[in-house]
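Spelled out from the first residue to the last, the chains are:
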There are 2 protein chains.
Amino acid sequence: MNNGIQEEPRGRRARRRGGPGPTLADVARLAGVSPMTVSRVVNDSARITQASRDKVEQAIRDLGYVPNQAARSLAGARQHRLALVYENPSAAFLSELLLGCLEQAGECDAVLLLESFRADEEVTDLVARLQRHRVEGVLLPAPLCDDSTLVDGLAAGHLAVARIAATQAMAGALSVGMDDEAAARDMTSHLLALGHRRIGFIAGSDRFPMSARRRAGFCRALQQANLAADPAMIATGDYTFRSGMEAAQALLASANPPSAIFASNDDMAAGAMATAHRLGLEVPRALSICGFDDTAMARAVWPELTTVRQPVSNMAREATILLVRYLASPAEFASHDLPDLRLGHEIVVRASTTRHVT
Amino acid sequence: MNNGIQEEPRGRRARRRGGPGPTLADVARLAGVSPMTVSRVVNDSARITQASRDKVEQAIRDLGYVPNQAARSLAGARQHRLALVYENPSAAFLSELLLGCLEQAGECDAVLLLESFRADEEVTDLVARLQRHRVEGVLLPAPLCDDSTLVDGLAAGHLAVARIAATQAMAGALSVGMDDEAAARDMTSHLLALGHRRIGFIAGSDRFPMSARRRAGFCRALQQANLAADPAMIATGDYTFRSGMEAAQALLASANPPSAIFASNDDMAAGAMATAHRLGLEVPRALSICGFDDTAMARAVWPELTTVRQPVSNMAREATILLVRYLASPAEFASHDLPDLRLGHEIVVRASTTRHVT
DNA sequence: ATTGTCTTTGTGAGCGCTACCATGATGCCC
DNA sequence: GGGCATCATGGTAGCGCTCACAAAGACAAT
């Protein structure tokens, strides 16, 4: 045999090879098929007979073969490049978002880049940076996703945009979010089910469409229970702890104070709790309090907050899937009525709400 | 000319090329040098004449060339594979950590994988997963990095470990962290400089080495100011909001109550603030309060907390650099006395501390 | 038996880059 | 000036994979 000739290239190869990992060719050899067949099994693309598939899969398992991502993307060149544009590197939900997008991007064979964007920056600069890195699509989490100047600017730069945790749809971009109104309604129903009849609501600033949705959900639940929404039981804050303190102060100073307070976010709920503590009201015995968002704050205060959990991880994944699908075949989507996905929420019952005793 | 032959491959090539991005060969052609020279400039590896370098750099700028990462790693195979092993996907500092590691890994030409690990899992399972993905080094943030079983298990699987935000060094692993004692000392000095003479301290649970360090820093600062540390002015919590409330209650119930309270983390500081509110003590006028860590909690409460900012992003980057350097040349490091890097902290003065008026 | 259509599998080339060696150019010593 | 080390640069051969296309096999219709 011409072993000498055979071994020469293997010698050089071994010198260059990175890890000791088996390659697709190794699998093919073991399975007794061509590399192409293995590739097809791995990507389960085309029609393959069950027999070939089984042989290949066995060989993959035997060797512990893991495809080389770099080689794959180099050869394929059909891998999409996405960027996650974020504003605040320490935003509470960013890590969960990041993890969700990163994992899903991996599963979708897409590359995820990270790009920060400060509000005082020019949108054109961001677009230029993204284009330089050959980004095709942008994942835009809240609150950036509500900036229509930014969304339009990205679209003008021929970048597809998927908005994450958006309150409502926006023309020209894919959107994923939750149903704020339904969530607020459910939380209110939870309080009603606990026997509360006089419920205070701390609304958020009118500048955000989200605030109106949450308030509407609150009112809707009362209506469905045949209760009138007393204007004195609605106070407005600006999503900060302090505004929650003040709003609760106003609500509790009422001649007919509430037995429960539902705040439009966790920070305001925590503020309301601080006020309750100061007034000597024991939570939840004398006053039930609940929040919205399930941020770290919800578990940090005592008693821990009953709140609405946003499906952050799911939103991140769905947005990524949607964006990749859009990039793969824009034709699949009606160009001026892009999907707006609303995912289910979850009411997390903790220690800050309890049955109302008269 | 044999144009027909020349153009045939270009036609096929254009069909397969992904983006319209220029390649290294394009740059070489424009600069009138060989691809190899361009590669050398890009990696600024070897000796290149200034003339060549300039020509190439100009061509790179003209074409807006960006190296193809996939091709690079495929050809080079000298790229290191790291994994960030995390426990809690929504931990406050994870996003900043993630961002830091991700960015630095990119700059170091390393690939960063993410792997979650639940405390109830077998370490060997984790090691197997990591090995399957050809991971060579692991970034291990707090609190996982203090689990010596885990660190040893990883080491046993021939994985290099870099611990992030570790309180103290551990044999067999690289460590990066802050100087808890110095930080606590500085924060105490801040209070002393504001005129406070009777300062309450809320220590953390003795199970964590960190707690002792922070307490030692507090005591040291008092000593340096020639003040005796009154045992009645030290209460112990367990890093939760509630324990902070209770500890503050105890401190403030003293016959000679403190004018300031320094809690070993932000959650306990927030708890202390809740107690102060309940007791009708205005913060900071009647009681200054400060925390540690600068988590989201610090900015969420009102008034916002004066606290110690951990250099999370820097720790992440330094750990990544250290790990990559270790993998590149383990020989550079003394095998049983691996580096333990202590990074500088920052005292963030917000609204919860003020000058003490007698 | 021959032709055609369909499906499954194989072949060869090349994605963009870098490791390795070979080349020519320069300087330096004896 | 021949030999030697030293430098900058070029040529070649892949890295592991997937693409386009070709070939081979299976089956029905002619």
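Position labels on residues start from 1 in each chain and follow its written sequence. Naming scheme: in the order in which they are written, chains are lettered from A and ligands are numbered from 1. Confidence filtering applies because this is a predicted model: local features only for residues at pLDDT of at least 70, side-chain atom pairs given and counted only at 80 or more, and all residues used for totals across whole chains, interfaces and linings. As a convention, hydrogens and water are excluded, and side-chain values are obtained from all of the structure's heavy atoms.

1. Things to note about the domain arrangement of chain A
The accessible area lost on association of the parts is a frequent measure of interface size.
Residue and element names in this part refer to chain A.
Inference 1: The domain boundaries here were taken from an automatic or database domain assignment. What the domain assignment lists for chain A is domain 1 (80-178 + 313-343) and domain 2 (180-310).
Inference 2: Its C-alpha centre places domain 1 at a distance of 31 Å from the equivalent point of domain 2.
Inference 3: Contacts between residues were defined by any pair of non-hydrogen atoms, one from each residue, lying within 4.5 Å. Listed per partner, the contact involves five residues of domain 1 and nine residues of domain 2.
Inference 4: For the domain 1 and domain 2 pair, buried surface summed over both sides reaches about 740 Å², with 54% attributable to carbon and sulfur atoms.
Inference 5: Buried area counts how much accessible surface, traced with a 1.4 Å probe, disappears from two parts once they are put together, with both parts' losses summed. It is Thr167, Gln168 and Met178 in domain 1 that bury the most area against domain 2; as a group they hold 71% of the surface buried on that side.

2. Digging into the sheet that holds strand E1 (residues 80-86) of chain B
All names here are of chain B.
Inference 1: Pairing within the open sheet is parallel, and its six strands lie in the order E2-E1-E3-E4-E5-E11. Only two strands of the sheet have a single neighbouring strand rather than two, namely strand E2 (110-116) and strand E11 (340-343). Mean inter-strand twist for the sheet, computed between neighbouring axes without regard to direction, equals 20°.
Inference 2: Strand pairing is assigned whenever DSSP detects at least two bridges linking the two strands. Secondary structure follows DSSP: runs of H or I at least 4 residues long count as helices, runs of E at least 2 residues long count as strands, and numbering of each begins at the N terminus. Note: E1 against E2, seven bridges, orientation parallel. Paired with Val85 across the two strands is Glu115, which belongs to E2. Lines fitted to C-alpha atoms define the axes here, with helix axes fitted over just the stretch in contact, and angles between the N-to-C directions of these axes take values from 0 to 180 degrees.

3. A closer look at the pattern of salt bridges
Residues and elements named next belong to chain A.
Inference 1: The rule for a salt bridge is simple: a side-chain nitrogen of Lys or Arg has to be within 4 Å of a carboxyl oxygen of Asp or Glu. If you walk through the whole model with that rule in mind, you get 44 salt bridges over all chains.
Inference 2: Residue Glu181 is joined to Arg220 by a salt bridge in which the shortest nitrogen-to-oxygen separation is 3.3 Å. With Glu181 in helix H9 (residues 180-193) and Arg220 in helix H10 (residues 209-224), this residue pair connects regions lying 39 residues apart in the sequence.
Inference 3: Exposure remark for Arg220: the relative accessible area of 34% places this residue in the partly exposed category.
Inference 4: Connected via shared salt-bridge partners are Glu96, Asp294, Arg299, Glu304, Arg309 and Arg350. Under the scheme applied here, a residue whose accessible area is under 20% of the maximum for its type counts as buried, over 50% as exposed, and between as partly exposed, the area being computed with a 1.4 Å probe on protein chains only.

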